[in-house]
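As a plain string of letters, each chain reads:
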Amino acid sequence: MPALLYATAHPEPVSDVVFEHFFNTVRQWPWLSLLLGFVVVFSQAMIFNRLCNEHDVLYTPTFMPAWFFILANSIFPENLHINPLMVSNYFVIGAFAFLFRMHQSDQSAKLLFYAAALLSLGSLFVTEYLGAPLLLLLATVIFKNVGLRDLLAIITGTLIPMGIIWSYHFLNDQHFDFPIPRYTLNIRLDKSVLRYVALTFFFLLAFSGLLKSGLHYFKNNIKTRRINLISIAFFVFAVFISLLKYDHLRLYITIANSGLALFAGYFLMGEKGERLKGFLHTVLLIMLVLSLYGEALKDWLF
């Protein structure tokens, strides 16, 4: 990940999240913040890529999900530094690991419980993940008929981690403040419009991948179809959260990394139209470099 120009810049502090003190302390040492950010994103990319290949999320084993996961996290300089939204992706990928197994398991309730528990823990960093039970209910409908055990698994999986955390604080005579969502709308663009152009282009590639996935829907096996539907559902969910947090879009877009990586990578896969895809890939890379270094290069050149 390109980061040298941001090694001496102190990122803005995070607020309204659990472990706020930890993240703000680490970010006082930019080199450490950058190093931790790289380790977190790189490890997530490798895990996500292996998950996609293991469950045939794409029609052939490929490095594309990992590559585009890293690129998606490099659109804005803020996301080169460690932050709670970045960490929350571990819980999302972990939930995917259980949901993707529902096609081959008759123990759906257990898988849903673990997925709900992980997303519940993720809500410590992204409070809106408390709405994930609706997403899990949709995932259940995609794979099977919803049963009472499934509903109970989703509910208990969501509540138990919160109960354990609250109990720990209570027994240690500590006050637990769960972060409360705050929504404000103050539309303003950054001075560097190129960063939003890069984000828009990335979304166009992902949207093209969604269209391609729709066109090839019946060419895929049943397992891949259902997994793709779950991936689309979470991508839409993540984008919706990002729009709710528009004032902090540059940070919150991190939670849409998996969807951006999967569908942009899917669109640029394959030999058909190879030259055009290569050209679009190059344009994306140039846009990302300008997004990260445009302001510094302008000051250096002019």
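Refer to the structure printed above.
Since the structure is predicted, the reported quantities are computational estimates derived from the model, not experimental observations.

Caption draft 1: Layout of the packing of helix α9 (residues 222-244) against helix α11 (residues 257-267). The contact between α9 and α11 brings their axes to 8 Å, and the two run at 130°. In terms of orientation, α9 and α11 fall into the oblique class. Two packed elements cross with a definite hand, and for α9 against α11 that hand is left-handed. Every residue of α11 that contacts α9 at Asn228, Ser231, Ile232, Phe234 and Phe235 is listed here: Ser258, Gly259, Leu260, Leu262 and Phe263. Of the residues that constitute the contact of α9 with α11, the class distribution is six nonpolar, four polar and no charged.

Caption draft 2: Quick look at empty space enclosed by the protein. As enumerated under the stated definition, the model contains three cavities of 30 Å³ or more in all. A volume near 80 Å³ is recorded for the largest cavity. Every residue lining the largest cavity is counted, 13 residues in all, and those nearest its centre are Phe96, Leu99, Leu135, Ile230 and Phe234. Every element with two or more residues in the lining of the largest cavity is listed here: α4 (84-99), α6 (132-143) and α9.

Caption draft 3: Broad picture of the pattern of salt bridges. Overall, the coordinates contain three salt bridges when judged by the stated rule. Residue Arg250 is joined to Glu78 by a salt bridge in which the shortest nitrogen-to-oxygen separation is 2.5 Å. Within this pair, whereas Arg250 is found in helix α10 (residues 249-252), its partner Glu78 is found in the loop between α3 (64-72) and α4, the two being separated by 172 residues in sequence. For Arg250, a relative accessible area of 13% puts it in the buried group. According to the relative accessible area criterion, Glu78 is partly exposed, its value standing at 27%. For Lys144, the salt bridge identified is with Asp150, shortest N-O distance 2.6 Å. Take Asp150: its relative accessible area is 3%, and that puts it in the buried class.

Cut-offs and rules
Residues numbered from 1 in each chain as written. Predicted model: local features only at pLDDT ≥ 70, side-chain atom pairs only at ≥ 80, totals over all residues. Heavy atoms only, no water. Axes fitted to C-alpha atoms, helices over the stretch in contact; angles between N-to-C directions. Helix = DSSP H or I, 4+ residues; strand = E, 2+ residues; numbered from the N terminus. Parallel < 35°, antiparallel > 145°, perpendicular 65-115°, else oblique. Left-handed = near helix turned anticlockwise from the far one by under 90°. Contact = heavy atoms within 4.5 Å. Nonpolar A, V, L, I, M, F, W, Y, C, P; charged D, E, K, R; others polar. 1 Å grid on protein atoms, 1.4 Å probe; cavity = no way out; pocket = protein on both sides within 12 Å on 5 of 7 lines; lining within 4 Å. Points joined across faces, edges and corners; volume = space filled by probe spheres on them. Salt bridge = Lys/Arg side-chain N within 4 Å of Asp/Glu carboxyl O. Buried < 20%, exposed > 50% of the residue type's maximum accessible area, 1.4 Å probe, protein only.

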